[in-house]
Amino acid sequence: MQEKLHHADYTSFPESSKREVLEIVNGSYEALSADTNYWVSNLANAASLIWHAYHSIGLPINWVGFYITTNTESNNLVLGPFQGKVACQSIQIGKGVCGMAAMEKRTQCVADVNKFPGHIACDGETKSEIVVPILNGESVVGVLDIDCLTENGFDEVDVELLEALAALISKSNNWSLS
Ligand code: SME
């Protein structure tokens, strides 16, 4: 494989299937996170990798980012690193797709956000959404949230590989700093 010379090269994806592109995201995340265990830096780069990966396969995602649990707001998720337009800063655990994923500790793959009771519309253009919890042992340290401009944006391939990414994210960061 050609040696990577610049960090930005990680966001160039070859023409390939969704599975292959998401596998590259996970490998790149692992390589990049070897340099730091600070969650802000790692989640910022993860958001960028995911943004560019989906756009490389033509899926019109309009937002990707993280909501984090913190020591200061015990019942809420707070906005973390993301790519896309400005979004709501705080989400109560149990509310919306993000809060549901955090409460149930289970991925929510929503084909049509208008049919999800309590969906929080940060952007009225979003049509589908996937939210994957990030678990550190039994605790939820945050969620990965991706929004798409088309219905049915995500399927079982996204669930599988984004859950694998969430596991990598969990083990590569020092969550006591959040
Ligand atoms: N739609 C989310 C809120 C976060 S934004 O999509 C960035 C939800 O229902 O939890």
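Residues numbered from 1 in each chain as written. Predicted model: local features only at pLDDT ≥ 70, side-chain atom pairs only at ≥ 80, totals over all residues. Heavy atoms only, no water.

- Under an unreviewed UniProt entry, the name given to the chain is GAF domain-containing protein, and the organism recorded is Candidozyma auris.

Thoughts on helix α2 (residues 39-56)
Working step 1: In this model, α2 (18 residues) spans 25 Å end to end at C-alpha, consistent with the 26 Å of a helix rising 1.5 Å per residue.
Working step 2: Residues of α2 that are buried include every one of Trp-39, Asn-42, Leu-43, Ala-46, Ala-47, Ser-48, Leu-49, Ile-50, Ala-53 and Tyr-54, and no others.
Working step 3: In this structure, the buried side of α2 is in contact with α1 (18-33), β1 (61-69), β2 (76-84), β6 (139-148) and α4 (156-172).
Working step 4: Taken from the residues just after α2, Gly-58 is the one with a positive phi, measuring 85°. (Helix = DSSP H or I, 4+ residues; strand = E, 2+ residues; numbered from the N terminus. Expected span 1.5 Å × (residues − 1). Buried < 20%, exposed > 50% of the residue type's maximum accessible area, 1.4 Å probe, protein only. Contact = heavy atoms within 4.5 Å.)

Concerning the site of the ligand
Working step 1: Val-97, Cys-98, Ile-120, Glu-129 and Asp-147 are the nearest of the 13 residues found near the ligand.
Working step 2: Residue Asp-145 places a side-chain N or O atom 3.3 Å away from an oxygen atom belonging to the ligand.
Working step 3: When residues of the shell around the ligand are traced back to their parent elements, those giving at least two are β1, α3 (96-104) and β6.
Working step 4: With three residues, α3 is the largest single contributor of residues to the shell around the ligand.
Working step 5: Split into classes, the residues belonging to the shell around the ligand amount to eight nonpolar, two polar and three charged. (Near = heavy atom within 4 Å. Polar contact = N/O pair within 3.5 Å; in protein donor to acceptor, adjacent residues only side chain to side chain. Nonpolar A, V, L, I, M, F, W, Y, C, P; charged D, E, K, R; others polar.)

Quick notes on the UniProt feature "domain: GAF" (unreviewed entry) in the chain
Working step 1: Under the UniProt annotation, the feature "domain: GAF" (unreviewed entry) is placed at residues 64-170.
Working step 2: For the annotated span residues 64-170, helix accounts for 22% and strand for 37% of the residues, and the straight-line distance between the end C-alpha atoms is 17 Å. (UniProt positions renumbered as here; feature names shortened; annotations may be inferred.)

Brief notes about the packing of aromatic side chains
Working step 1: Throughout the structure, instances matching the rule amount to four aromatic pairs.
Working step 2: Each ring, one from Trp-63 and one from Phe-82, has its centre 5.3 Å from the other, and the planes form 20°; the classification is stacked. In this pair, Trp-63 sits in strand β1 while Phe-82 sits in strand β2, placing the two residues 19 residues apart along the sequence.
Working step 3: Each member of the aromatic cluster is reached from another via a ring pair, and the members are Trp-63, Tyr-67 and Phe-82. (Phe/Tyr/Trp six-rings, centres within 6.5 Å; stacked < 30°, edge-to-face > 60°.)

Focus on the pattern of salt bridges
Working step 1: Applying the stated criterion across every chain, the model contains five salt bridges.
Working step 2: Note that Lys-18 and Asp-155 form a salt bridge whose closest N and O atoms lie 3.0 Å from each other. Pair noted here: Lys-18 is in helix α1 and Asp-155 is in the loop between β6 and α4, with a separation of 137 residues, a long-range link.
Working step 3: Residue classification places Asp-155 among the partly exposed positions, given a relative accessible area of 29%. (Salt bridge = Lys/Arg side-chain N within 4 Å of Asp/Glu carboxyl O.)

A few points about the environment of Tyr-10
Working step 1: Within the secondary structure layout, Tyr-10 lies in the segment before α1.
Working step 2: Separated by 14 residues in sequence, Tyr-10 and Ile-24 place their C-alpha atoms 9.0 Å apart.

Considerations on the environment of Asn-136
Working step 1: Within the secondary structure, Asn-136 is located in strand β5 (residues 128-136).
Working step 2: Owing to a relative accessible area of 36%, Asn-136 belongs among the partly exposed residues under this scheme.
Working step 3: As for Asn-136 and Gly-99, which are separated by 37 residues in sequence, their C-alpha atoms are 17 Å apart.

Some remarks on the sheet that holds β5
Working step 1: A sheet is described by the order of its strands in space; here six strands give the open sequence β3-β2-β1-β6-β5-β4, paired in antiparallel fashion. Lying at the two open borders of the sheet, with one neighbouring strand each, are β3 (90-92) and β4 (108-110). Averaged over all adjacent pairs, the angle separating strand axes in this sheet is 25°, with direction ignored.
Working step 2: Sheet topology note: the β2/β3 ladder contains three bridges and is antiparallel. (Pairing = 2+ DSSP bridges. Axes fitted to C-alpha atoms, helices over the stretch in contact; angles between N-to-C directions.)

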